[in-house]
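Each chain, written out:
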Amino acid sequence: GKYTKADILRMVKEDDVEFIRLQFTDIFGDLKNVAITSSQIEKALDNKIMFDGSSIEGFARIEESDMYLYPDYDTYETFPWRPQQGKVARLICDVYKPDGTPFEGDPRYVLKKALKEAADMGYMMNVGPECEFFLFQTDENGLPTTNTYERASYFDLGPLDFGENARRDMVLTLEQMGFEIEASHHEVAPAQHEIDFKYGEALKTADSIETFKLVVKTIAKKHGLCATFMPKPKYGVCGSGMHMNMSLSKDGKNIFADDNDKLGLSQEAYYFIAGIMEHMREMTAITNPLVNSYKRLVPGYEAPIYIAWSAKNRSPLVRIPSARGAGTRVELRCPDPTANPYLAMAVCLKAGLDGIKRQLPLVPSVDSNIFELTREEKKARHIESLPANLREAVLCMRDSDFMKEALGEHIFTRYTSAKLDEWNEYTRQVTDWEISNYLYKV
Ligand code: ADP
Ligand code: MG
Ligand code: MG
Ligand code: MG
Ligand code: MG
(Lines give C-alpha, C1' and ligand atoms only; values in the text may rest on other atoms or scores of the structure.)
(Ligands and ions follow the chains in the order given, each with its own letter.)
Protein backbone atom coordinates (compact mmCIF):
# COMPACT_ATOMS: atom_id res chain seq x y z
CA GLY A 1 0.00 0.00 0.00
CA LYS A 2 0.80 3.69 -0.33
CA TYR A 3 0.27 4.59 3.35
CA THR A 4 0.90 2.87 6.69
CA LYS A 5 -1.02 3.40 9.89
CA ALA A 6 1.75 5.71 11.09
CA ASP A 7 1.44 7.77 7.89
CA ILE A 8 -2.29 8.27 8.44
CA LEU A 9 -1.79 9.30 12.08
CA ARG A 10 0.89 11.75 11.00
CA MET A 11 -1.20 13.20 8.16
CA VAL A 12 -4.24 13.63 10.40
CA LYS A 13 -2.02 15.74 12.71
CA GLU A 14 -0.18 17.63 9.98
CA ASP A 15 -3.33 18.34 7.98
CA ASP A 16 -5.09 19.58 11.13
CA VAL A 17 -7.92 17.11 10.59
CA GLU A 18 -10.80 17.34 13.04
CA PHE A 19 -13.31 14.94 11.44
CA ILE A 20 -12.80 11.72 9.54
CA ARG A 21 -15.56 10.36 7.36
CA LEU A 22 -15.56 6.58 7.08
CA GLN A 23 -17.21 5.85 3.75
CA PHE A 24 -18.64 2.80 2.03
CA THR A 25 -21.14 2.17 -0.75
CA ASP A 26 -24.43 0.30 -0.53
CA ILE A 27 -25.54 -2.21 -3.16
CA PHE A 28 -27.43 0.47 -5.12
CA GLY A 29 -24.30 2.59 -5.42
CA ASP A 30 -25.20 5.20 -2.81
CA LEU A 31 -22.29 6.53 -0.82
CA LYS A 32 -22.74 6.25 2.97
CA ASN A 33 -20.55 7.54 5.76
CA VAL A 34 -20.12 7.89 9.47
CA ALA A 35 -18.07 10.76 10.89
CA ILE A 36 -15.67 10.33 13.78
CA THR A 37 -13.45 12.93 15.41
CA SER A 38 -9.71 12.65 15.21
CA SER A 39 -9.65 11.35 18.80
CA GLN A 40 -11.09 8.08 17.45
CA ILE A 41 -8.69 7.67 14.54
CA GLU A 42 -6.58 4.87 16.07
CA LYS A 43 -9.70 2.88 16.85
CA ALA A 44 -10.88 3.38 13.26
CA LEU A 45 -7.52 2.36 11.78
CA ASP A 46 -7.65 -0.80 13.93
CA ASN A 47 -10.96 -1.75 12.27
CA LYS A 48 -12.94 -1.25 15.46
CA ILE A 49 -15.67 1.11 14.22
CA MET A 50 -19.05 -0.58 14.01
CA PHE A 51 -22.39 0.31 12.44
CA ASP A 52 -25.86 -1.15 12.13
CA GLY A 53 -26.00 -2.86 8.74
CA SER A 54 -29.73 -3.51 8.94
CA SER A 55 -30.42 0.22 8.59
CA ILE A 56 -28.77 0.31 5.17
CA GLU A 57 -31.19 -0.68 2.42
CA GLY A 58 -30.46 -4.09 0.94
CA PHE A 59 -27.51 -4.66 3.26
CA ALA A 60 -28.24 -7.07 6.07
CA ARG A 61 -30.95 -8.61 8.20
CA ILE A 62 -31.57 -7.59 11.81
CA GLU A 63 -30.02 -10.85 13.05
CA GLU A 64 -26.70 -10.12 11.41
CA SER A 65 -26.65 -6.39 11.63
CA ASP A 66 -23.32 -5.63 13.34
CA MET A 67 -20.85 -4.58 10.67
CA TYR A 68 -17.29 -3.36 10.98
CA LEU A 69 -15.55 -0.78 8.82
CA TYR A 70 -12.00 -1.62 7.71
CA PRO A 71 -10.50 1.59 6.28
CA ASP A 72 -8.40 1.30 3.15
CA TYR A 73 -5.44 3.47 4.21
CA ASP A 74 -4.56 4.35 0.61
CA THR A 75 -7.85 6.21 0.17
CA TYR A 76 -6.96 8.92 2.71
CA GLU A 77 -7.86 12.33 1.30
CA THR A 78 -9.06 15.65 2.71
CA PHE A 79 -12.11 17.56 1.45
CA PRO A 80 -10.91 20.86 -0.04
CA TRP A 81 -14.38 22.43 0.24
CA ARG A 82 -14.61 21.98 4.01
CA PRO A 83 -12.94 24.35 6.53
CA GLN A 84 -9.16 24.43 6.18
CA GLN A 85 -8.68 24.58 9.94
CA GLY A 86 -10.10 21.50 11.58
CA LYS A 87 -10.26 19.78 8.21
CA VAL A 88 -12.44 16.89 7.14
CA ALA A 89 -10.73 13.78 5.79
CA ARG A 90 -12.20 10.61 4.44
CA LEU A 91 -11.21 6.96 4.32
CA ILE A 92 -13.03 4.51 2.05
CA CYS A 93 -13.74 1.31 3.93
CA ASP A 94 -14.37 -2.37 3.35
CA VAL A 95 -17.25 -3.84 5.29
CA TYR A 96 -16.59 -6.87 7.49
CA LYS A 97 -18.67 -9.14 9.66
CA PRO A 98 -18.04 -9.60 13.40
CA ASP A 99 -16.29 -12.92 12.67
CA GLY A 100 -13.62 -11.02 10.71
CA THR A 101 -14.66 -12.17 7.24
CA PRO A 102 -15.69 -9.79 4.43
CA PHE A 103 -19.39 -9.00 4.18
CA GLU A 104 -20.85 -10.47 0.96
CA GLY A 105 -23.17 -7.46 0.62
CA ASP A 106 -20.26 -5.04 0.21
CA PRO A 107 -19.95 -4.05 -3.48
CA ARG A 108 -16.27 -3.25 -3.01
CA TYR A 109 -15.74 -6.87 -1.96
CA VAL A 110 -17.52 -8.11 -5.10
CA LEU A 111 -15.15 -6.08 -7.27
CA LYS A 112 -12.13 -7.23 -5.27
CA LYS A 113 -13.17 -10.85 -5.82
CA ALA A 114 -13.44 -10.32 -9.57
CA LEU A 115 -10.06 -8.55 -9.61
CA LYS A 116 -8.53 -11.46 -7.73
CA GLU A 117 -9.80 -13.84 -10.38
CA ALA A 118 -8.23 -11.62 -13.05
CA ALA A 119 -4.99 -11.44 -11.07
CA ASP A 120 -4.90 -15.24 -10.90
CA MET A 121 -4.95 -15.20 -14.71
CA GLY A 122 -2.16 -12.61 -14.68
CA TYR A 123 -4.36 -9.63 -15.55
CA MET A 124 -4.94 -6.20 -14.09
CA MET A 125 -8.00 -4.20 -15.15
CA ASN A 126 -7.86 -0.52 -16.06
CA VAL A 127 -10.99 1.59 -16.34
CA GLY A 128 -11.58 5.14 -17.57
CA PRO A 129 -15.12 6.46 -17.09
CA GLU A 130 -16.75 9.38 -18.93
CA CYS A 131 -19.30 10.80 -16.52
CA GLU A 132 -21.97 13.11 -17.86
CA PHE A 133 -24.33 15.21 -15.76
CA PHE A 134 -26.72 18.15 -15.86
CA LEU A 135 -26.44 21.40 -13.94
CA PHE A 136 -29.94 22.70 -13.31
CA GLN A 137 -31.30 25.64 -11.37
CA THR A 138 -32.54 25.27 -7.83
CA ASP A 139 -35.87 26.73 -6.70
CA GLU A 140 -36.46 29.35 -3.99
CA ASN A 141 -36.13 26.62 -1.34
CA GLY A 142 -32.81 25.46 -2.73
CA LEU A 143 -34.39 22.29 -4.11
CA PRO A 144 -33.43 20.74 -7.46
CA THR A 145 -35.47 21.47 -10.58
CA THR A 146 -35.03 20.49 -14.21
CA ASN A 147 -35.05 24.16 -15.24
CA THR A 148 -32.28 25.89 -17.09
CA TYR A 149 -32.16 28.95 -19.30
CA GLU A 150 -28.99 27.68 -20.88
CA ARG A 151 -28.88 27.00 -24.63
CA ALA A 152 -25.29 25.80 -25.05
CA SER A 153 -24.33 22.59 -26.84
CA TYR A 154 -21.34 20.32 -27.46
CA PHE A 155 -18.00 22.03 -26.75
CA ASP A 156 -19.61 25.48 -26.42
CA LEU A 157 -17.98 28.03 -24.14
CA GLY A 158 -19.05 30.93 -21.96
CA PRO A 159 -21.04 33.14 -21.90
CA LEU A 160 -23.27 30.60 -23.67
CA ASP A 161 -22.15 27.93 -21.20
CA PHE A 162 -23.67 28.87 -17.80
CA GLY A 163 -21.86 26.04 -16.04
CA GLU A 164 -18.36 27.20 -16.93
CA ASN A 165 -17.44 28.55 -13.49
CA ALA A 166 -18.91 25.62 -11.61
CA ARG A 167 -17.12 23.16 -13.89
CA ARG A 168 -13.82 24.99 -13.43
CA ASP A 169 -14.25 24.79 -9.65
CA MET A 170 -15.10 21.08 -9.90
CA VAL A 171 -11.99 20.36 -11.93
CA LEU A 172 -9.74 22.27 -9.51
CA THR A 173 -11.27 20.54 -6.49
CA LEU A 174 -10.88 17.12 -8.09
CA GLU A 175 -7.24 17.93 -8.89
CA GLN A 176 -6.64 18.90 -5.26
CA MET A 177 -7.96 15.46 -4.35
CA GLY A 178 -5.46 13.72 -6.59
CA PHE A 179 -7.50 13.30 -9.77
CA GLU A 180 -5.78 13.73 -13.11
CA ILE A 181 -8.40 15.50 -15.20
CA GLU A 182 -7.96 14.82 -18.92
CA ALA A 183 -10.78 16.94 -20.30
CA SER A 184 -13.95 18.76 -19.36
CA HIS A 185 -16.51 20.20 -21.70
CA HIS A 186 -20.08 21.19 -22.31
CA GLU A 187 -22.09 18.26 -23.66
CA VAL A 188 -24.74 18.09 -26.39
CA ALA A 189 -27.86 18.96 -24.35
CA PRO A 190 -28.41 22.39 -22.76
CA ALA A 191 -26.90 22.42 -19.23
CA GLN A 192 -25.21 19.05 -19.80
CA HIS A 193 -21.52 18.57 -18.98
CA GLU A 194 -18.75 15.98 -19.02
CA ILE A 195 -15.56 15.76 -16.99
CA ASP A 196 -13.08 12.99 -17.83
CA PHE A 197 -10.39 11.79 -15.50
CA LYS A 198 -7.49 9.55 -16.35
CA TYR A 199 -8.04 5.83 -16.31
CA GLY A 200 -6.57 3.76 -13.54
CA GLU A 201 -6.74 0.43 -11.79
CA ALA A 202 -10.40 -0.66 -11.49
CA LEU A 203 -10.83 -0.53 -7.70
CA LYS A 204 -9.28 2.90 -7.47
CA THR A 205 -11.42 4.12 -10.36
CA ALA A 206 -14.61 2.79 -8.76
CA ASP A 207 -13.68 4.66 -5.55
CA SER A 208 -12.93 7.73 -7.68
CA ILE A 209 -16.34 7.63 -9.38
CA GLU A 210 -18.03 7.78 -5.96
CA THR A 211 -15.78 10.70 -4.97
CA PHE A 212 -16.34 12.38 -8.33
CA LYS A 213 -20.10 12.40 -7.91
CA LEU A 214 -19.81 13.79 -4.39
CA VAL A 215 -17.49 16.59 -5.57
CA VAL A 216 -19.65 17.50 -8.58
CA LYS A 217 -22.79 17.70 -6.46
CA THR A 218 -21.09 19.61 -3.65
CA ILE A 219 -19.46 22.21 -5.89
CA ALA A 220 -22.62 22.66 -7.97
CA LYS A 221 -24.48 23.49 -4.76
CA LYS A 222 -21.85 26.08 -3.85
CA HIS A 223 -22.62 27.75 -7.19
CA GLY A 224 -26.36 27.73 -6.52
CA LEU A 225 -26.90 24.96 -9.05
CA CYS A 226 -27.93 21.38 -8.67
CA ALA A 227 -25.97 18.62 -10.36
CA THR A 228 -27.83 15.48 -11.34
CA PHE A 229 -26.56 12.18 -12.72
CA MET A 230 -30.10 11.09 -13.56
CA PRO A 231 -29.77 9.27 -16.91
CA LYS A 232 -32.62 11.07 -18.70
CA PRO A 233 -33.83 14.08 -16.76
CA LYS A 234 -35.51 15.64 -19.80
CA TYR A 235 -37.59 14.28 -22.64
CA GLY A 236 -36.36 15.25 -26.09
CA VAL A 237 -32.67 15.87 -25.33
CA CYS A 238 -29.68 13.56 -24.80
CA GLY A 239 -29.41 11.71 -21.51
CA SER A 240 -26.31 11.30 -19.36
CA GLY A 241 -24.16 8.23 -19.80
CA MET A 242 -21.04 6.91 -18.23
CA HIS A 243 -19.08 5.22 -21.00
CA MET A 244 -16.71 2.69 -19.47
CA ASN A 245 -13.33 2.39 -21.18
CA MET A 246 -11.70 -0.89 -20.20
CA SER A 247 -8.42 -2.65 -20.81
CA LEU A 248 -6.39 -5.47 -19.32
CA SER A 249 -2.70 -5.31 -18.66
CA LYS A 250 -0.13 -7.96 -17.85
CA ASP A 251 3.17 -6.98 -16.21
CA GLY A 252 2.31 -3.33 -16.83
CA LYS A 253 1.72 -3.83 -20.55
CA ASN A 254 -1.66 -3.32 -22.22
CA ILE A 255 -2.53 -6.74 -23.64
CA PHE A 256 -5.41 -5.53 -25.82
CA ALA A 257 -2.94 -4.18 -28.40
CA ASP A 258 -1.38 -6.30 -31.13
CA ASP A 259 0.42 -4.69 -34.06
CA ASN A 260 0.08 -7.82 -36.18
CA ASP A 261 -3.70 -7.72 -36.22
CA LYS A 262 -5.73 -5.96 -38.92
CA LEU A 263 -7.41 -3.72 -36.33
CA GLY A 264 -4.39 -3.70 -34.01
CA LEU A 265 -6.24 -5.76 -31.39
CA SER A 266 -5.11 -8.90 -29.58
CA GLN A 267 -6.98 -12.21 -29.42
CA GLU A 268 -7.70 -11.47 -25.72
CA ALA A 269 -9.35 -8.20 -26.72
CA TYR A 270 -11.64 -10.01 -29.16
CA TYR A 271 -12.51 -12.66 -26.56
CA PHE A 272 -13.13 -9.94 -23.97
CA ILE A 273 -15.57 -8.13 -26.28
CA ALA A 274 -17.29 -11.45 -27.09
CA GLY A 275 -17.72 -12.12 -23.35
CA ILE A 276 -19.24 -8.70 -22.78
CA MET A 277 -21.66 -9.19 -25.68
CA GLU A 278 -22.54 -12.71 -24.53
CA HIS A 279 -23.56 -11.50 -21.05
CA MET A 280 -24.72 -7.97 -21.83
CA ARG A 281 -28.45 -8.54 -21.47
CA GLU A 282 -27.90 -10.24 -18.10
CA MET A 283 -25.72 -7.34 -16.86
CA THR A 284 -27.86 -4.43 -18.01
CA ALA A 285 -29.79 -4.18 -14.74
CA ILE A 286 -26.42 -3.38 -13.13
CA THR A 287 -25.03 -1.00 -15.77
CA ASN A 288 -28.42 0.73 -16.19
CA PRO A 289 -30.14 0.35 -12.85
CA LEU A 290 -33.07 2.77 -12.84
CA VAL A 291 -36.50 2.86 -14.45
CA ASN A 292 -35.26 6.12 -15.94
CA SER A 293 -32.06 4.54 -17.35
CA TYR A 294 -34.07 2.96 -20.19
CA LYS A 295 -35.43 6.31 -21.31
CA ARG A 296 -31.88 7.19 -22.29
CA LEU A 297 -31.46 3.99 -24.33
CA VAL A 298 -33.71 5.09 -27.21
CA PRO A 299 -32.91 5.95 -30.85
CA GLY A 300 -31.77 9.43 -31.79
CA TYR A 301 -29.72 10.48 -28.76
CA GLU A 302 -26.31 8.84 -29.21
CA ALA A 303 -27.12 6.04 -26.78
CA PRO A 304 -26.79 2.38 -27.80
CA ILE A 305 -29.72 0.01 -28.20
CA TYR A 306 -28.30 -2.90 -30.17
CA ILE A 307 -25.71 -5.39 -28.98
CA ALA A 308 -22.99 -4.90 -31.57
CA TRP A 309 -19.41 -3.71 -31.78
CA SER A 310 -17.34 -1.60 -34.14
CA ALA A 311 -13.92 -0.05 -34.47
CA LYS A 312 -15.22 2.52 -36.98
CA ASN A 313 -18.62 3.59 -35.93
CA ARG A 314 -19.47 5.62 -32.80
CA SER A 315 -23.01 4.32 -32.36
CA PRO A 316 -22.76 0.67 -31.28
CA LEU A 317 -22.75 -0.72 -27.76
CA VAL A 318 -19.05 -1.56 -27.88
CA ARG A 319 -16.72 0.83 -29.61
CA ILE A 320 -12.98 0.40 -30.09
CA PRO A 321 -11.51 3.92 -30.02
CA SER A 322 -8.72 4.48 -32.52
CA ALA A 323 -5.90 4.87 -29.94
CA ARG A 324 -3.45 1.97 -29.86
CA GLY A 325 -0.49 1.09 -27.64
CA ALA A 326 -1.19 1.97 -23.99
CA GLY A 327 -4.49 3.61 -25.01
CA THR A 328 -5.94 0.45 -26.59
CA ARG A 329 -9.30 -0.10 -24.97
CA VAL A 330 -12.81 -1.38 -25.25
CA GLU A 331 -15.46 1.28 -24.70
CA LEU A 332 -18.80 0.09 -23.35
CA ARG A 333 -21.35 2.80 -24.08
CA CYS A 334 -24.51 1.71 -22.28
CA PRO A 335 -23.64 2.30 -18.59
CA ASP A 336 -24.99 5.42 -16.98
CA PRO A 337 -23.64 7.26 -13.95
CA THR A 338 -26.28 5.80 -11.63
CA ALA A 339 -24.72 2.35 -11.96
CA ASN A 340 -22.95 1.08 -8.85
CA PRO A 341 -19.37 1.43 -10.19
CA TYR A 342 -18.03 -1.50 -8.15
CA LEU A 343 -20.70 -3.88 -9.37
CA ALA A 344 -20.62 -2.57 -12.95
CA MET A 345 -16.86 -3.10 -13.20
CA ALA A 346 -17.07 -6.49 -11.49
CA VAL A 347 -19.66 -7.88 -13.91
CA CYS A 348 -17.97 -6.40 -17.00
CA LEU A 349 -14.65 -7.88 -15.94
CA LYS A 350 -16.20 -11.26 -15.18
CA ALA A 351 -17.94 -11.25 -18.57
CA GLY A 352 -14.70 -10.37 -20.36
CA LEU A 353 -12.75 -13.03 -18.46
CA ASP A 354 -15.46 -15.55 -19.31
CA GLY A 355 -14.96 -14.67 -22.98
CA ILE A 356 -11.22 -15.26 -22.61
CA LYS A 357 -11.59 -18.53 -20.70
CA ARG A 358 -14.15 -19.98 -23.08
CA GLN A 359 -12.42 -18.43 -26.11
CA LEU A 360 -15.80 -17.12 -27.26
CA PRO A 361 -15.90 -16.32 -30.97
CA LEU A 362 -16.73 -12.72 -31.82
CA VAL A 363 -19.46 -11.93 -34.34
CA PRO A 364 -18.43 -9.62 -37.22
CA SER A 365 -18.47 -5.91 -36.42
CA VAL A 366 -21.30 -3.68 -37.58
CA ASP A 367 -19.63 -0.73 -39.24
CA SER A 368 -22.71 0.84 -40.81
CA ASN A 369 -25.48 2.68 -39.00
CA ILE A 370 -27.39 -0.06 -37.15
CA PHE A 371 -30.42 2.16 -36.89
CA GLU A 372 -30.76 1.99 -40.68
CA LEU A 373 -30.82 -1.82 -40.84
CA THR A 374 -34.24 -3.40 -41.26
CA ARG A 375 -35.65 -5.82 -38.71
CA GLU A 376 -34.91 -8.70 -41.08
CA GLU A 377 -31.31 -7.58 -41.64
CA LYS A 378 -30.75 -7.36 -37.90
CA LYS A 379 -32.29 -10.79 -37.44
CA ALA A 380 -30.12 -12.29 -40.18
CA ARG A 381 -27.03 -10.90 -38.48
CA HIS A 382 -28.19 -12.03 -35.02
CA ILE A 383 -28.14 -8.50 -33.66
CA GLU A 384 -29.98 -8.46 -30.35
CA SER A 385 -31.27 -5.43 -28.45
CA LEU A 386 -30.52 -4.34 -24.93
CA PRO A 387 -33.44 -4.87 -22.54
CA ALA A 388 -36.12 -2.29 -23.29
CA ASN A 389 -36.91 -1.48 -19.68
CA LEU A 390 -35.91 -2.23 -16.11
CA ARG A 391 -38.33 -5.13 -15.83
CA GLU A 392 -36.90 -6.91 -18.86
CA ALA A 393 -33.37 -6.25 -17.59
CA VAL A 394 -34.08 -7.64 -14.12
CA LEU A 395 -35.78 -10.72 -15.58
CA CYS A 396 -32.70 -11.38 -17.74
CA MET A 397 -30.51 -10.96 -14.68
CA ARG A 398 -32.67 -13.19 -12.51
CA ASP A 399 -32.32 -16.07 -14.99
CA SER A 400 -28.55 -15.78 -15.12
CA ASP A 401 -26.28 -18.17 -13.25
CA PHE A 402 -23.40 -16.05 -14.46
CA MET A 403 -24.77 -13.01 -12.62
CA LYS A 404 -25.56 -14.98 -9.50
CA GLU A 405 -21.96 -16.18 -9.38
CA ALA A 406 -20.48 -12.78 -10.23
CA LEU A 407 -22.46 -10.85 -7.62
CA GLY A 408 -22.79 -13.57 -5.02
CA GLU A 409 -26.13 -14.87 -3.74
CA HIS A 410 -26.53 -12.05 -1.18
CA ILE A 411 -26.43 -9.09 -3.56
CA PHE A 412 -28.02 -11.01 -6.43
CA THR A 413 -31.15 -11.80 -4.41
CA ARG A 414 -31.56 -8.39 -2.79
CA TYR A 415 -30.80 -6.45 -5.92
CA THR A 416 -33.24 -8.30 -8.20
CA SER A 417 -36.06 -8.15 -5.68
CA ALA A 418 -35.55 -4.44 -4.89
CA LYS A 419 -35.40 -3.60 -8.60
CA LEU A 420 -38.58 -5.53 -9.38
CA ASP A 421 -40.31 -3.65 -6.54
CA GLU A 422 -39.04 -0.40 -8.03
CA TRP A 423 -40.45 -1.35 -11.42
CA ASN A 424 -43.80 -2.44 -9.99
CA GLU A 425 -44.20 0.77 -8.07
CA TYR A 426 -43.37 2.78 -11.16
CA THR A 427 -45.77 1.03 -13.50
CA ARG A 428 -48.67 1.62 -11.10
CA GLN A 429 -48.20 5.37 -11.30
CA VAL A 430 -50.51 7.52 -13.38
CA THR A 431 -48.11 9.75 -15.26
CA ASP A 432 -48.40 13.26 -16.67
CA TRP A 433 -48.09 11.75 -20.12
CA GLU A 434 -51.18 9.62 -19.62
CA ILE A 435 -53.18 12.55 -18.29
CA SER A 436 -52.23 14.84 -21.15
CA ASN A 437 -52.83 12.19 -23.80
CA TYR A 438 -55.93 10.41 -22.52
CA LEU A 439 -57.88 12.54 -20.10
CA TYR A 440 -59.40 14.91 -22.62
CA LYS A 441 -60.32 12.38 -25.26
CA VAL A 442 -61.82 9.47 -23.40
P1 ADP B 1 -14.49 9.65 -26.07
O2 ADP B 1 -13.70 9.73 -27.35
O3 ADP B 1 -15.34 8.43 -26.04
O4 ADP B 1 -15.26 10.92 -25.77
P5 ADP B 1 -12.79 10.42 -23.83
O6 ADP B 1 -11.54 10.97 -24.36
O7 ADP B 1 -13.84 11.37 -23.32
O8 ADP B 1 -13.40 9.42 -24.92
O9 ADP B 1 -12.47 9.41 -22.61
C10 ADP B 1 -11.60 8.36 -22.77
C11 ADP B 1 -11.37 7.68 -21.44
O12 ADP B 1 -10.63 6.48 -21.68
C13 ADP B 1 -10.52 8.50 -20.47
O14 ADP B 1 -11.01 8.36 -19.17
C15 ADP B 1 -9.15 7.82 -20.60
O16 ADP B 1 -8.31 7.98 -19.47
C17 ADP B 1 -9.57 6.38 -20.77
N18 ADP B 1 -8.50 5.49 -21.26
C19 ADP B 1 -7.43 5.76 -22.04
N20 ADP B 1 -6.64 4.68 -22.19
C21 ADP B 1 -7.23 3.67 -21.48
C22 ADP B 1 -6.91 2.31 -21.22
N23 ADP B 1 -5.82 1.71 -21.73
N24 ADP B 1 -7.74 1.59 -20.43
C25 ADP B 1 -8.85 2.13 -19.92
N26 ADP B 1 -9.20 3.41 -20.13
C27 ADP B 1 -8.41 4.18 -20.89
MG1 MG C 1 -15.95 11.68 -23.90
MG1 MG D 1 -4.39 15.37 -2.15
MG1 MG E 1 -19.94 12.42 -23.70
MG1 MG F 1 -17.04 7.89 -24.99
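Note: the structure precedes this text.
Below you will find a few notes about this structure. (Residues numbered from 1 in each chain as written. Chains lettered and ligands numbered in written order. Predicted model: local features only at pLDDT ≥ 70, side-chain atom pairs only at ≥ 80, totals over all residues. Heavy atoms only, no water.)

1. Points about the coordination of the magnesium ion (ligand 4)
- Note on the magnesium ion (ligand 4): its protein donors are Glu-132 (OE), Glu-187 (OE) and Glu-194 (OE). The metal-donor distances range over 2.0 to 2.2 Å.
- Read in sequence order, the donor residues for the magnesium ion (ligand 4) give the motif E-x54-E-x6-E.
- Separation of the magnesium ion (ligand 4) from the magnesium ion (ligand 2) amounts to 4.1 Å, with Glu-194 serving as a shared donor to the pair.
- By relative accessible area, Glu-194 is classed as buried at 4%. (Donors = N, O, S within 2.8 Å, 3.2 Å for Na, K, Ca; no water. Buried < 20%, exposed > 50% of the residue type's maximum accessible area, 1.4 Å probe, protein only.)

2. Quick word on the packing of aromatic side chains
- This structure, assessed with the given rule, holds 17 aromatic pairs.
- Aromatic side chains Tyr-70 and Tyr-96 sit 3.8 Å apart centroid to centroid with 5° between the ring planes, which places their arrangement in the stacked category. Separated by 26 residues along the polypeptide, Tyr-70 in strand E4 (residues 66–71) and Tyr-96 in strand E6 (residues 87–96) bring together distant segments of the chain.
- Judged by its relative accessible area of 21%, Tyr-70 is partly exposed. (Phe/Tyr/Trp six-rings, centres within 6.5 Å; stacked < 30°, edge-to-face > 60°. Helix = DSSP H or I, 4+ residues; strand = E, 2+ residues; numbered from the N terminus.)

3. Section: helix H3 (residues 107–120)
- Here H3 contains 14 residues, and its C-alpha end-to-end distance of 20 Å stays within 8% of the 20 Å for a straight helix at 1.5 Å per residue.
- Of the positions making up H3, those classed as buried are Pro-107, Arg-108, Val-110, Leu-111, Ala-114, Leu-115, Glu-117 and Ala-118.
- Regarding H3, its N-cap is Asp-106, as a side-chain oxygen of that residue lies 3.1 Å from the backbone nitrogen of Arg-108 further along.
- Following H3 by one or two positions, Gly-122 has its phi on the positive side, about 95°. (Expected span 1.5 Å × (residues − 1). Polar contact = N/O pair within 3.5 Å; in protein donor to acceptor, adjacent residues only side chain to side chain.)

4. Let's talk about helix H6 (residues 267–287)
- Compared with the 30 Å implied by 1.5 Å per residue over 21 residues, the 25 Å span of H6 between its first and last C-alpha is markedly short.
- The largest bend in H6 is about 75°, located at Met-280.
- Burial analysis of H6 places 17 of its 21 residues in the buried class, the great majority of the element. (Bend = angle between axes of the 7 residues up to and from the residue.)

Keep in mind that these numbers describe shape and distance, not what the molecule does.
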